Amino acid sequence: MLGENYKRITDRLAAAAAKRGIPVTDITLIAVTKTVQPETIREAWELGINDFGENRVQDGLPKIDALPTGPRWHFIGHLQRNKVKQVLPNFVLIHSLDSLRLARALQKEGRKLKKTVEALVQVNIGSEESKFGFEYDEVLPAIEEMAGLDALRIRGLMAIAPFFSDPERTRPYFRKLYQLFTGIRVEGVEMRYLSMGMTNDFDVAVEEGANMVRIGTALFGPRDY
Ligand SMILES: *Cc1c(COP(=O)(O)O)cnc(C)c1O
């Protein structure tokens, strides 16, 4: 089942990349492993998936410990400042940098570890009360401020689109975020990654400029989150 799901996803990614006129290898598939057991993650890794995403520190760390080193782990959920210490040594990229306070905490811990923390700035593209992230007009000033933190390296943007049963309706949200992404010019900051698109809307996200997609359900099947 996992193999078939993976094949279906890579076919869809290839089609979306072709529509956009980019090689599919430009897109990083991040397999979101919340509620997935280490045996299954290992199977996914053996299929050739190298990037995995977890949204909770306490669920993610035991899995990371149970698996061989090799897979790249992405932190994709809301990160509390008191968990920063546990996240930094274990995750290569934090997708969910959603406040300046968190940025300062990452800077502080990064300095302690003599490590550059790589992160994406989360944007609340639907202005939903229930979602974390900066509002559109806050993003540029936030990045300008973060650019002054020497242990923090901003690599791009991340967003979770509002849910619509018709994914076509997410298109304007993704398009607008891509415009923001390409328009950001801040000294010392390279906007490299645009993390958007999940099971329901990843084709549309890639067509609109995503180069990282975070996929759980389409790969591992439906789970109760
Ligand atoms: C759960 C989750 C995903 C994956 O969602 P699916 O709809 O299962 O593909 C992606 N991003 C974040 C931040 C998540 O929490």
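All of these numbers come straight from a predicted model, not from anything done at the bench. (Residues numbered from 1 in each chain as written. Predicted model: local features only at pLDDT ≥ 70, side-chain atom pairs only at ≥ 80, totals over all residues. Heavy atoms only, no water.)

Section: the pairing of strand β4 (residues 93-97)
With five of five residues buried, β4 lies mostly within the body of the structure. For β4 and strand β5 (residues 117-122), the ladder comprises two bridges, and the chain directions are parallel. Across the sheet, residue Leu97 finds its bridge partner in β5, namely Val121. Read from β4 through helix α5 (residues 100-113) to β5, the crossover connection turns out right-handed. (Buried < 20%, exposed > 50% of the residue type's maximum accessible area, 1.4 Å probe, protein only. Helix = DSSP H or I, 4+ residues; strand = E, 2+ residues; numbered from the N terminus. Pairing = 2+ DSSP bridges. Right-handed = clockwise from strand over helix to strand, strands pointing away.)

Things to note about the packing of aromatic side chains
One pass over the full model with this rule turns up four aromatic pairs. Ring geometry for Phe75 versus Phe91: centroids 5.3 Å apart, planes at 85 degrees, classification edge-to-face. Here the residue Phe75 occupies a position in strand β3 (residues 72-75), and Phe91 occupies one in the loop between α4 (84-87) and β4, the gap between them amounting to 16 residues. On the accessibility criterion, Phe75 (0% relative accessible area) is buried. When the ring of Phe164 is compared with that of Tyr173, the centres are 6.0 Å apart and the planes differ by 35 degrees; the resulting orientation is tilted. A relative accessible area of 26% places Tyr173 in the partly exposed class. (Phe/Tyr/Trp six-rings, centres within 6.5 Å; stacked < 30°, edge-to-face > 60°.)

Structural notes on the layout of surface pockets
Volume-wise, the second largest pocket comes out at about 270 Å³. Around the second largest pocket, the lining is made up of 13 residues, and of these Tyr6, Val24, Ile27, Thr28 and Leu29 lie nearest the centre. Broken down by secondary-structure element, the contributors of at least two residues to the lining of the second largest pocket are α1 (2-20) and β1 (28-32). Tallying contributions element by element places α1 first for the lining of the second largest pocket, with three residues. (1 Å grid on protein atoms, 1.4 Å probe; cavity = no way out; pocket = protein on both sides within 12 Å on 5 of 7 lines; lining within 4 Å. Points joined across faces, edges and corners; volume = space filled by probe spheres on them.)

As for the environment of Val92
Relative to the helices and strands, Val92 is located in the loop between α4 and β4. C-alpha separation for the pair Val92 and Trp73, spaced 19 residues apart in sequence, amounts to 5.9 Å. When neighbours within four sequence positions are excluded, Val92 is seen to be in contact with Arg72, Trp73, His74 and Glu118. (Contact = heavy atoms within 4.5 Å.)

Brief notes about the pairing of β1
Among the five residues that make up β1, five are buried, leaving the element largely enclosed by the rest of the structure. Residue alternation in β1 divides its side chains into two sets, Thr28, Ile30 and Val32 and Leu29 and Ala31, and both sets are buried. In this structure, β1 lies alongside strand β8 (residues 212-215), joined through four bridges in parallel fashion. Residue pairing for β8: Ala31 is matched across the bridge by Ile215. Pairing geometry for β1 and strand β2 (residues 51-54), over two bridges, is parallel. Directly across from Ala31, in β2, lies its bridge partner Phe52. Handedness of the crossover joining β1 and β2 through helix α2 (residues 38-46) is recorded here as right-handed.

A closer look at the nonpolar core
Residues Leu97, Leu106, Leu152, Leu157 and Leu177 are the most contacted members of the largest nonpolar core, which totals 67 residues. A per-element tally of this core places α1 first, with six residues. Among the nonpolar cores identified, the runner-up in size contains six residues, and Leu93, Leu120, Met158 and Met212 belong to it. (Core = buried A, V, L, I, M, F, W, Y, C linked by side-chain atoms within 4.5 Å.)

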